[in-house]
Amino acid sequence: MYKALIDRLERDAFLSRDEYLTLIKNRAQCADYLFERARAVRDRYYHSKVYIRGLIEFSNYCKNNCYYCGIRAGNTKAERYRLTPEEILSCADEGYSLGFRTFVLQGGEDPYFTDEMFESIIRQLKARHPDCAVTLSLGERSYESYKRLKEAGADRYLLRHETACKAHYEKLHPSNMSFENRMRCIRDLKALGYQVGVGFMVGSPFQSEEDLANEMLFLKEIKPQMVGIGPFIVHADTPFNIYKSGSAELTLFMLGLIRLTLPNVLLPSTTALGTVDPLGREKGINAGANVVMPNLSPSDVRGKYLLYDNKICTGDEAAQCIVCLKERIKTTGCEIVTDRGDYKYEI
């Protein structure tokens, strides 16, 4: 029965909510087959290529107070930092020399960084490395702001929605944050022509298996170019420090479901997955993922950008990290390539 559902998902790229739920509830009996089919679908679009994104975590200041996040405004124990525009560009220059052709500028929602500052950074980065893609992960902004940054040369935007359920969203965020505004931002980004990435936590507090089934319907509806998921991991200095972290096992299963639901999606095997399981990133590739995001931030600030506890690779130099990662990915039968790694709209 489960094999037949997976075969139909591969053929039609869609199941009903109840059918997704059946697979999730019975994942122990069908995970291996799901991963086999997910790898086959991924390779149909991307062969055995794994794309690298150079992550530059430019600031851990944030105006928001999300209950799960270690850099939330209310965490007085966080050691705050900001990179200068020159430091951000220097990180990109080093990454380019190491073979990166996509740079991800990620930070908390830090009002210090204005549209004018980001426009200048994007234009300079594009001028230095015109063959590269610029991805932004700056949180919720206005339509006008997103438009300005797109016109400056930004190619992609990552904005994790965290959950597709409004009631669940409101349990994860304070009342001044709005589920409707998060959805508005995603719609704006798509309308402006960004390659859009969304994502959710697996195993976050109050999340049900029914919620996870609904995530598949949401993803199918909005058709993002990238989906970033990872297990919820506790940070000791947050209100959610009393809850249990999510599991690698369930996260991997959701990766396989996403691959078959969105066959040509760009799907990261995340640092969070590697944090809860020492072989998590390799297992993510074997579950259908095709993106990894090594850290290009200066090593002296990596340990300060802690969204959750025990984050891996906070001390490695960028060059060390990429050499190690290339060898690890080879064990999956895939290979890291020097490529922008754009979304493939069709075979």
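For the structure, see preceding data.
What you see is a predicted model, and the numbers here were worked out from it, not measured in a lab.

## So, the packing of aromatic side chains
Inference 1: Taken as a whole and judged by the stated rule, the model has 15 aromatic pairs.
Inference 2: Centre to centre, the rings of Phe 113 and Phe 118 are 5.6 Å apart; their planes meet at 20°, and the pair counts as stacked. Like Phe 118, Phe 113 is buried.
Inference 3: When the centroid spacing of 5.8 Å and the interplanar angle of 80° are considered together, the rings of Tyr 157 and Tyr 194 count as edge-to-face. Of the two residues, Tyr 157 is situated in strand E5 (residues 156–158) and Tyr 194 in the loop between helix H8 (179–191) and strand E6 (195–198); the sequence distance between them amounts to 37 residues.
Inference 4: Judged by relative accessible area, Tyr 157 falls into the buried class, the value being 0%.
Inference 5: Feature note: the residues Tyr 67, Phe 206, Phe 232, Phe 240 and Tyr 243 constitute an aromatic cluster, connected by ring pairs.
Inference 6: Between the NZ or CZ atom of Arg 82 and the centre of the ring of Tyr 61, over which it lies, the distance is 3.8 Å.

## Quick look at the sheet that holds strand E11 (residues 335–337)
Hydrogen bonds along the backbone pair up the strands of a sheet, which may run parallel or antiparallel.
Inference 1: Spatially, 3 strands are ordered E10-E1-E11 in an open sheet, and the strand pairing comes out parallel. Each edge of the open sheet is held by one strand with a lone partner, namely strand E10 (291–292) and E11.
Inference 2: Pairing analysis gives 3 bridges linking strand E1 (residues 49–52) to E11, with the strands arranged parallel. Paired with Val 50 across the bridge in E11 is Ile 336.

## Overview of the pattern of salt bridges
Inference 1: All told, the structure shown has 34 salt bridges when counted by the stated rule.
Inference 2: With a closest N to O distance of 2.9 Å, Arg 44 and Glu 10 form a salt bridge. Note that Arg 44 is positioned in helix H3 (residues 31–46) and Glu 10 in helix H1 (residues 2–12), a separation of 34 residues in sequence.
Inference 3: Note that Arg 340 is salt-bridged to Asp 342, the shortest N-O span being 2.9 Å.
Inference 4: Via salt bridges that share partners, Asp 115, Glu 116, Glu 119, Arg 141 and Arg 148 belong to a single interconnected network.

## Examining helix H5 (residues 115–128)
Inference 1: Between the first and last C-alpha of H5 there are 20 Å, a value that for 14 residues agrees with the 20 Å anticipated at 1.5 Å per step.
Inference 2: Among the residues of H5, Asp 115, Phe 118, Glu 119, Ile 121, Ile 122, Leu 125 and Lys 126 are the ones counted as buried. For H5, the buried positions fall inside an angular range of 165° around the axis, keeping them on one side.
Inference 3: In this structure, the buried side of H5 is in contact with strand E2 (54–59), helix H4 (85–97), strand E3 (102–107), strand E4 (133–137) and helix H6 (143–152).

## Overview of the sheet that holds E4
Inference 1: On the basis of which strands lie adjacent, the open sheet formed by 6 strands has the order E2-E3-E4-E5-E6-E8 and parallel pairing. Taken across any chain shown, the strands that pair with only one partner, and hence form the sheet edges, are E2 and strand E8 (226–227).
Inference 2: Here E3 pairs with E4 via 5 bridges, running parallel. Bridge assignment links Gln 106 to a residue of E4, and that residue is Ser 137.

## Comments concerning the packing of H1 against helix H10 (residues 248–261)
The angle between the axes and the distance between the axes are what describe a pair of packed helices.
Inference 1: At their nearest, the axes of H1 and H10 sit 7 Å apart, and the two run at 45° to each other. Here H1 lies oblique to H10, going by the angle between them. Note on element contacts: H10 touches H1 through Leu 257, Leu 260 and Thr 261, opposite Ile 6, Leu 9 and Glu 10.
Inference 2: Looking at the contact of H1 with H10 residue by residue, the class counts come to 4 nonpolar, 1 polar and 1 charged.

What counts and what doesn't
- Residues numbered from 1 in each chain as written.
- Predicted model: local features only at pLDDT ≥ 70, side-chain atom pairs only at ≥ 80, totals over all residues.
- Heavy atoms only, no water.
- Phe/Tyr/Trp six-rings, centres within 6.5 Å; stacked < 30°, edge-to-face > 60°.
- Buried < 20%, exposed > 50% of the residue type's maximum accessible area, 1.4 Å probe, protein only.
- Helix = DSSP H or I, 4+ residues; strand = E, 2+ residues; numbered from the N terminus.
- Lys NZ or Arg CZ within 6 Å of the ring centre and 35° of its normal.
- Pairing = 2+ DSSP bridges.
- Salt bridge = Lys/Arg side-chain N within 4 Å of Asp/Glu carboxyl O.
- Expected span 1.5 Å × (residues − 1).
- Arc of directions from axis to C-beta.
- Contact = heavy atoms within 4.5 Å.
- Axes fitted to C-alpha atoms, helices over the stretch in contact; angles between N-to-C directions.
- Parallel < 35°, antiparallel > 145°, perpendicular 65-115°, else oblique.
- Nonpolar A, V, L, I, M, F, W, Y, C, P; charged D, E, K, R; others polar.

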